[in-house]
Amino acid sequence: MTRTRWISALALTGSLLAGGIAQAQTTVRMTWYSDGNEGEVVTDLLKRFEAQNKDIKVVLDQVPYKAITENLPVQLASGQGPDIARVVDLGGVARYALDLRPYLKDAGYWDKNFGPFLEWMRPQGDTTSIPGFMTQLTVTGPFVNKTLFEQAGIAMPGAKATWEEWAKASKDVAAKVQAPFPIAIDRSGHRFFGIAISEGAKVFDAKGEPAVIDDGFKRAAQMVFDWHKNGVMGKELWGSVSGAAYRGANDEFKNAQVAMYMSGSWQIAQFDKTIGNAFDWVAVPMPCGPAACTGMPGGAGLVAIKTTKNPEAVAKVMEYLASEPVLSELYSRSLAVPGHLGIAAKGLDYKDASPLAKASLKVFSDQVAGLSPIAYKLQGYVNNRIIFNAAISRVGQAISGETTLDEAYKRIASDVEQQIAERNKK
């Protein structure tokens, strides 16, 4: 064999071997949404994983939040979903989740560090499965444009101030500085229920079954309804969408059009980037109702999907991302409250955060201890999304003038009962 032929044969053999390696590579598809820079961070982390695991290729499909809440459930129900997904409706997705426990090298690590949050991800009656982990723990609560208060010469209400006190102060500020929105609240059942529980909503009866409509719920609904009538809230925000559709006020807040924005800790990274130091934005403790001063716990979980054809590869990806050094980096770089008990106990150095962002992270972290047990129970309830959607849809109809609040209450109770019954049949 001549030297030229030998080199050609060697090259051909190499290409065939490379082709064999490529064919043997397992592809894992991950669907991911971001509030801030999480997508950028996880992309970096997955590149490192692939460098260490040449046999696994992770395809990251980054989608809008709306696709997670509206499109993904349809995909999962049809068996067409990804291998891994970042989700917020943990209870709703639980039936589609893969139990990673048989595939993990150290299930005890997951039990120890993610234990309380695993309960949010499990199907009803399941006490042992490991479906995934929290990519962030969130707490709902308000952000305030402190600069607008200062320009108006009005002091911000202090800790333990009521919703009524904040509404009056915010409306006075908006009138003085000509801001269009005194208070904005995410059009979200999850956000609304922090207010409702503070007003005395119990959500469940003595047997633990949903009993959504009570005096506390009605107080909160009436308050938000009245705010839309008297100008504390602008109809163009909640009124721009219908049904259970989500509507945030991120753009309005970052453009200094809102005095007080009721949202949550996941906004910190975004505001640190989009607002920076254009004005002083601060997180404040959750305002109080007669029953509590509570927001809602929550967060986004990364969950393995049981229709995957490659559970071992999925488990390997999940183990890597859930490992303490990697997850610490994800939390730190995305300015997230840790959903990992070990990391939370040690504390995180948010070295890339501005002083405003660090101060807001501390406020939200401090709020965790004061969250109502009812809020935790609702967050962990497998059918909570049905309750959230019914409440925001029907209260929204009343606000837009399509129905009355009394009629909305009847429809909420009916919606919840009917939809849970339908889900239980499947």
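See above for the structure.
Description of the structure in this document. Model, not experiment: these values are computed from the prediction. (Residues numbered from 1 in each chain as written. Predicted model: local features only at pLDDT ≥ 70, side-chain atom pairs only at ≥ 80, totals over all residues. Heavy atoms only, no water.)

1. Examining the overall build of the chain
Logical step 1: Scanning the chain from terminus to terminus reveals 19 helices and 8 strands.
Logical step 2: For 426 residues, the compact-globule formula gives about 22 Å, and the C-alpha radius of gyration of the chain, at 24 Å, lands near that figure.
Logical step 3: The buried share of the chain, reckoned over its 426 residues, is 54%.
Logical step 4: Partitioning the intrachain contacts of the chain with sequence separation of at least 6 by distance along the chain shows that 73% fall at a separation of at least 24.
Logical step 5: Per element, the accessible surface of the chain, about 18700 Å² overall, is 52% carbon and sulfur. (Helix = DSSP H or I, 4+ residues; strand = E, 2+ residues; numbered from the N terminus. Rg over C-alpha atoms; globule rule 2.2 N^0.38 Å. Buried < 20%, exposed > 50% of the residue type's maximum accessible area, 1.4 Å probe, protein only. Contact = heavy atoms within 4.5 Å. Areas by Shrake-Rupley, 256 points an atom, 1.4 Å probe, with all protein chains shown as cover.)

2. Some words on the pairing of strand β5 (residues 181-185)
Logical step 1: Most of β5 is tucked away, with 5 of its 5 residues classed as buried.
Logical step 2: Bridge count for β5 against strand β6 (residues 258-264) is 4 bridges, and the pairing is parallel. The residue of β6 that forms the bridge with I183 is M260. (Pairing = 2+ DSSP bridges.)

3. Thoughts on the state of the cysteines
Logical step 1: What the rule picks out here adds up to 1 disulfide.
Logical step 2: Here C288 pairs with C293 through a disulfide, and the sulfurs are 1.9 Å apart. Judged by the sign of its S-S torsion, about 100 degrees, the cystine formed by C288 and C293 is right-handed.
Logical step 3: Taking the relative accessible area as the measure of exposure, C288 reaches 6% and is therefore buried.
Logical step 4: C293 gets classed as partly exposed once you look at its relative accessible area, which sits at 25%. (Disulfide = S-S within 2.5 Å.)

4. Looking at the packing of aromatic side chains
Logical step 1: Enumeration according to the criterion identifies 25 aromatic pairs in this entry.
Logical step 2: Considering the side-chain rings of F192 and F193, the 5.8 Å spacing of their centres and the 85 degrees angle between planes classify their relative orientation as edge-to-face. One exposure class covers both F192 and F193, and it is buried.
Logical step 3: Aromatic pair F253 and F279: ring centres 5.8 Å apart, planes at 80 degrees, arrangement edge-to-face. A residue pair is termed long-range when its members are at least 10 positions apart, and F253 in helix α11 (residues 250-254) and F279 in the loop between α12 (268-274) and β7 (281-283) qualify at 26 residues. Each member of the pair, F253 as well as F279, is classed as buried.
Logical step 4: Ring pairing ties together the aromatic residues F143, F253, Y261, F271, F279, W281 and F364, which thus form one cluster.
Logical step 5: Taking NZ or CZ as reference, R86 lies 4.7 Å from the ring centre of W32, over its face.
Logical step 6: Cation over ring: R86 sits above Y33, and NZ or CZ is 4.7 Å from the ring centre. (Phe/Tyr/Trp six-rings, centres within 6.5 Å; stacked < 30°, edge-to-face > 60°. Lys NZ or Arg CZ within 6 Å of the ring centre and 35° of its normal.)

5. A closer look at the environment of V241
Logical step 1: With respect to the element layout, V241 can be found in the loop between α10 (235-238) and α11.
Logical step 2: A C-alpha to C-alpha distance of 8.9 Å links V241 and R187, two positions 54 residues apart in sequence.
Logical step 3: Setting aside its immediate chain neighbours within four residues, V241 contacts R187, Y246 and R247.

6. Quick word on helix α5 (residues 107-121)
Logical step 1: Across its 15 residues, α5 extends only 16 Å between first and last C-alpha, which sits more than 12% below the 21 Å expected from 1.5 Å per residue.
Logical step 2: Of all the bends in α5, the greatest, near 90 degrees, is centred on F114, and the proline P116 appears no more than four residues after it. (Expected span 1.5 Å × (residues − 1). Bend = angle between axes of the 7 residues up to and from the residue.)

7. A word on the side chain of D272
Logical step 1: Its place among the elements puts D272 in helix α12.
Logical step 2: This buried residue, D272, is left without a salt bridge; K358 holds the nearest opposite charge, at 9.2 Å.
Logical step 3: Side chain to side chain, D272 and S354 meet in a polar contact 2.5 Å long.
Logical step 4: Sequence-distant contacts of D272, that is, excluding residues within four places in its chain, are made with W281, L335, D352, A353, S354 and A357. (Lys, Arg positive; Asp, Glu negative; His and termini not counted. Salt bridge = Lys/Arg side-chain N within 4 Å of Asp/Glu carboxyl O. Polar contact = N/O pair within 3.5 Å; in protein donor to acceptor, adjacent residues only side chain to side chain.)

8. A closer look at the nonpolar core
Logical step 1: Ranked by internal contacts, the top residues of the largest apolar core, which has 105 residues, are F193, F217 and W281.
Logical step 2: Sorting elements by how many residues they give to this core places helix α18 (residues 384-399) first, with 9 residues.
Logical step 3: Two domains share this core, each providing at least three of its residues, namely domain 1 (2-137 + 298-355) and domain 2 (139-297 + 365-424).
Logical step 4: Excluding residues that lie within four positions of it along the chain, F193 makes contacts with V203, V212, F217, M296, L378, I387, F388 and A391.
Logical step 5: Counting residues in hydrophobic clusters, the runner-up holds 37 residues, among them W32, W110, F133 and V326. (Core = buried A, V, L, I, M, F, W, Y, C linked by side-chain atoms within 4.5 Å. Domains from an automatic or database assignment.)

9. Details of the pattern of salt bridges
Logical step 1: Tallied over the entire structure, the rule returns 18 salt bridges.
Logical step 2: In this structure, E38 and R86 form a salt bridge, with 3.2 Å as the shortest nitrogen-oxygen distance. Placement of E38 in helix α2 (residues 38-52) and of R86 in strand β3 (residues 84-87) is noted, with a sequence separation of 48 residues between them. Each member of the pair E38 and R86 is classed as buried.
Logical step 3: K362 is the partner of D366 in a salt bridge, and the nearest nitrogen-oxygen pair spans 2.8 Å. Within this pair, D366 and its partner K362 are both found in helix α16 (residues 355-367), separated by 4 residues, close to a single helical turn.
Logical step 4: On the basis of relative accessible area, D366 is assigned to the partly exposed category, the value being 46%.
Logical step 5: Look at the salt bridges and you will find they share partners, linking D44, R48, E329 and R333 into a network.

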